[in-house]
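Report on the structure
The chain contents come next:
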Amino acid sequence: MFAIDVEGLARREFDDARVSIGRSTRCALVLPSPEVSRNHAVIEESAGGFVLEDCGGAHGTYVDGVRITRAVITRASQIRIGPFQLTIEPDARVEPIEKALLAAILTKQDAASRLVYADWLEERGDSVRAEFLRLQESLAAMSPDRIMEGTVSAWTERLRALAASIDMGWRYQVARPAVEGCETRFSFKCPREWGGMDETDRSDVRHCSACNQHVYYAATLAIARRHVEAGACVVVDILPQRTDGDLQRQRTVRMGGAIAPLPSPASTGATASPAVFLLYNGQRYPVTKDPFIIGGATSDLAIEAPDISPQHAAVICRNGTFYLKDLGSNGIRYMGMLIDNKRLDEGDTFYLCDHELRVTYRTN
């Protein structure tokens, strides 16, 4: 038994040793995108691990950024098929007592429950995960004077070394990274942490009740940057090497191949005339209200379809910058990711269920 985590989709667990991947509904793992072939790839479990084989599609299969025809993969491998990022988690089975210990961590959010779990792991001979938990708690409790001594760097490197041999799915449950990229409520560092947020139906996504936003667990900096540029909050796994400002949002948009500043009321006359336009079904809709509602028949932009919520999404303006905000709908996708909100940049294309919505700041 093993599991496959797909960014933007729910985790899937499989009992079969051979799993087909593709756009076709006959595949065991369906990836709904025109950039995915009907029968795109196969993952097969063997005595030596896992083998990923491309089925010869036009778009290719990539492992750690390299196009492959056949490759041995591990839990650390970053697999890309079309717009989807995949990671594999071997042997997804968890004993009932371990499930109870993990549930206690989520419920209590205290050091004691984590250390009890660490003791249980050590008794079973799992010294790596036990050390990971204890070291994590030591870092969280570290005083400022010890931080100045450089202890953090040494302990962080040790955590990173331990994490390399630990399932990503387990790290989702016990990790304690800070939230980054939050611009919704806080003008300073978000005070929340991953462990204190509400679980969702995806192991790599939790919900922040303070901002009413989804928070995404990013295995790599590339994944984190895509989420941040899409306007989402993220936490970053321990494995990637970090530098100051590595997730800072770019404050420019591309317009006609040139770099131009984000539109503002002063430059666009947003108070007197539309600054942004939505393109849907061959029609051009000027955004003349704040908020500008997209949804059913009575909305500012009406998409009369059974899969569209009465109030599906809204264009809102914050300090002269426009964002598309989900209103608790059936979903908004951007670049294959399910998003809660995103800044509107020139040429952005969103999918409200299967309905394409494009963005332009051009007046003609």
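Definitions and limits used
Residues numbered from 1 in each chain as written. Predicted model: local features only at pLDDT ≥ 70, side-chain atom pairs only at ≥ 80, totals over all residues. Heavy atoms only, no water. Helix = DSSP H or I, 4+ residues; strand = E, 2+ residues; numbered from the N terminus. Expected span 1.5 Å × (residues − 1). Buried < 20%, exposed > 50% of the residue type's maximum accessible area, 1.4 Å probe, protein only. Arc of directions from axis to C-beta. Phe/Tyr/Trp six-rings, centres within 6.5 Å; stacked < 30°, edge-to-face > 60°. Lys NZ or Arg CZ within 6 Å of the ring centre and 35° of its normal. 1 Å grid on protein atoms, 1.4 Å probe; cavity = no way out; pocket = protein on both sides within 12 Å on 5 of 7 lines; lining within 4 Å. Points joined across faces, edges and corners; volume = space filled by probe spheres on them. Pairing = 2+ DSSP bridges. Axes fitted to C-alpha atoms, helices over the stretch in contact; angles between N-to-C directions. Parallel < 35°, antiparallel > 145°, perpendicular 65-115°, else oblique. Left-handed = near helix turned anticlockwise from the far one by under 90°. Contact = heavy atoms within 4.5 Å.

To continue, consider helix H2 (residues 111-123). Spacing of three or four residues puts side chains on the same side of an α-helix, whose turn is 3.6 residues. The end-to-end C-alpha distance of H2 is 19 Å, a good match for the 18 Å that 13 residues give at a rise of 1.5 Å each. For H2, the set of buried residues is Ser-113, Arg-114, Tyr-117, Ala-118, Trp-120 and Leu-121. Taken down its axis, H2 places every buried residue within 160 degrees of arc, on the same side. Directly after H2, the chain includes Gly-125, whose backbone phi takes a positive value near 85 degrees.

A few words now on the packing of aromatic side chains. Per the stated rule, a full pass over the model turns up seven aromatic pairs. By way of ring pairs, the aromatic residues Tyr-117, Trp-120, Phe-132 and Trp-170 are connected into one cluster. The residue whose ring lies beneath Arg-284 is Phe-277, and the NZ or CZ to ring-centre distance is 4.2 Å. The ring of Tyr-334 carries Lys-342 above its face, with NZ or CZ at 4.9 Å from the centroid.

What the rule picks out here adds up to three cavities of 30 Å³ or more. By volume, the largest cavity amounts to about 120 Å³. Contributing to the lining of the largest cavity are 15 residues, with Glu-7, Thr-87, Tyr-172, Asp-204 and Ile-223 lying nearest its centre. For the lining of the largest cavity, the secondary structure elements donating two or more residues are strand S1 (2-6), strand S11 (84-90), helix H6 (168-174), strand S14 (213-218) and helix H7 (221-229).

Another aspect to go through is the pairing of strand S5 (residues 41-46). As paired strands, strand S3 (residues 18-22) and S5 are joined by four bridges and run antiparallel to one another. Across the sheet, Ser-20 pairs through a bridge with Val-42, a residue of S5. Where S5 lies against strand S6 (residues 49-54), six bridges are found, and the strand directions are antiparallel. Opposite Glu-44, over in S6, you have Val-51 as the bridge partner.

Two elements in contact, H2 and helix H3 (residues 127-140), have axes separated by 8 Å at closest approach and are oriented at 160 degrees. Classified by the angle their axes make, H2 and H3 are roughly antiparallel. Here H2 and H3 pass one another in a crossing that is left-handed. Where H2 abuts H3, its residues Ala-111, Arg-114, Leu-115, Tyr-117, Ala-118, Asp-119, Leu-121 and Glu-122 lie against Arg-129, Ala-130, Leu-133, Arg-134, Gln-136 and Glu-137.

In short, shape yes, function no, at least from these values alone.
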